[in-house]
Amino acid sequence: MQIPADGTGEAEPADGAGYVPADAQIAVLFGYGYNDAAFQGAVIPRLKCAFGLADEAGLILPLVFPDDFRHGDSGRISDLYGALKSRRIRGLILLGAPERTHTVLARLREDRAADAPETVGGYPIFSLFPQDDMLGTEAGADVVLDFATALKDADAGETPEIDASRFAEEVPEILAKAVRYIYALPEPPSPDANLAAGVSRMLGGEWNVLPYIDAETGMHPANHFVVERMANG
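Everything numeric in this text was worked out from a predicted model, so none of it was measured.

Quick look at the sheet that holds strand β9 (residues 224–229)
Link 1 in the chain: The strand order across the open sheet built from seven strands is β2-β1-β5-β6-β7-β9-β8, with neighbouring strands paired in mixed fashion. The sheet is open, and its two edges are formed by β2 (60–64) and β8 (207–211), each paired on a single side. Strand-to-strand, the axes of this sheet are offset by a mean angle of 20°, without reference to chain direction.
Link 2 in the chain: Relative to strand β5 (residues 89–95), strand β1 (residues 25–30) is paired through six bridges, and the arrangement is parallel. Bridge pairing links Val28 to Ile93 in β5.
Link 3 in the chain: Along the sheet, helix α3 (residues 101–113) contacts β5 and β6 (125–128); its crossing angle with β5, the most-contacted strand, is approximately 160°.

The structure is reproduced here in structure tokens:
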């Protein structure tokens, strides 16, 4: 899969200027559709250049599923909780969250509700283009984003299968914007009428941000949105 050299669509400061050294990290989980070597090889260096990586005192802690969660031949997403708990975290972004990620998010939410230390849940959680249980994802994440085109092509009631190559330009751009947005947030965003406006500001004027509407129930969770680039964007 080819990722444009300018994956974010914007000029980024070199060597994580303004973000290094970081006193806490934003964890980025590369899950289904985004965990292949080609995607990582194109996107992680851009994150390093823009924000710095955790192993060099930078902002971004990249985690890859299943590679970083191996138990024999399989990966356990449940280990994500421990990986986050062992670090000082200021945000979590999930790209293509795999099955059962929502169980980890539920634990993080419990920690947040119990007013636990900020390293275990008291930070923004964004799930971008998840492949996990939708209701669980909506309950556990502060913001959930899907591509409008992918949802239109999916059958009603089914989780859309994301072909990352189809959105090779858009995903790195949205990821970088989500990192900057989370970095500026003093606390997790509230699921109120201001959330949609905040997501719109995050993405910029070239993106349409619309409420996600469940095809079976007609309900639209306050924190779940579908996005599409405007024709002239």
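Re unusual backbone geometry
Link 1 in the chain: For the bond from Val20 to Pro21, the omega torsion is 0°, close enough to zero to count as cis.
Link 2 in the chain: Structurally, the position occupied by Pro21 is in the segment before β1.
Link 3 in the chain: Of note, the phi angle at Ala57 is positive, near 70°, even though the residue is not glycine.
Link 4 in the chain: Tracing the chain through its elements places Ala57 in the loop between α1 (37–51) and β2.

So, the environment of Met230
Link 1 in the chain: One can find Met230 in the segment after β9.
Link 2 in the chain: For Met230, a relative accessible area of 29% corresponds to the partly exposed category.
Link 3 in the chain: Measuring from C-alpha to C-alpha, the distance between Met230 and Asn208 comes to 6.3 Å, with 22 residues separating the pair along the chain.
Link 4 in the chain: The residues touching Met230, leaving out its near neighbours within four places in the chain, are Gly205, Glu206, Trp207 and Asn208.

Here we look at helix α6 (residues 170–184)
Residue pairs three or four apart in sequence face the same way in an α-helix, which turns once every 3.6 residues.
Link 1 in the chain: End to end, α6 covers 21 Å across 15 residues, agreeing with the expected 21 Å (1.5 Å per residue, within 8%).
Link 2 in the chain: Within α6, burial applies to Glu170, Val171, Pro172, Glu173, Ile174, Leu175, Ala176, Lys177, Ala178, Val179, Tyr181 and Ile182.

Concerning the pattern of salt bridges
Link 1 in the chain: A full pass over the atoms with the stated rule returns eight salt bridges.
Link 2 in the chain: Of the charged contacts in the structure, one is a salt bridge between Arg109 and Asp142, with a shortest N-O distance of 3.2 Å. Of this pair, Arg109 sits in helix α3 while Asp142 is found in the loop between α4 (134–140) and β7 (143–147), placing the two residues 33 residues apart along the sequence.
Link 3 in the chain: Judged by its relative accessible area of 29%, Arg109 falls in the partly exposed class.
Link 4 in the chain: Looking at Asp142, the relative accessible area reads 4%, which means it is buried.
Link 5 in the chain: Arg112 is the partner of Asp142 in a salt bridge, and the nearest nitrogen-oxygen pair spans 2.9 Å. Pair noted here: Asp142 is in the loop between α4 and β7 and Arg112 is in helix α3, with a separation of 30 residues, a long-range link.
Link 6 in the chain: When salt bridges with common partners are traced through the structure, they connect Glu173, Lys177, Glu206 and Arg229 into a single cluster.

Rules used throughout
- Residues numbered from 1 in each chain as written.
- Predicted model: local features only at pLDDT ≥ 70, side-chain atom pairs only at ≥ 80, totals over all residues.
- Heavy atoms only, no water.
- Pairing = 2+ DSSP bridges.
- Helix = DSSP H or I, 4+ residues; strand = E, 2+ residues; numbered from the N terminus.
- Axes fitted to C-alpha atoms, helices over the stretch in contact; angles between N-to-C directions.
- Contact = heavy atoms within 4.5 Å.
- Buried < 20%, exposed > 50% of the residue type's maximum accessible area, 1.4 Å probe, protein only.
- Expected span 1.5 Å × (residues − 1).
- Salt bridge = Lys/Arg side-chain N within 4 Å of Asp/Glu carboxyl O.

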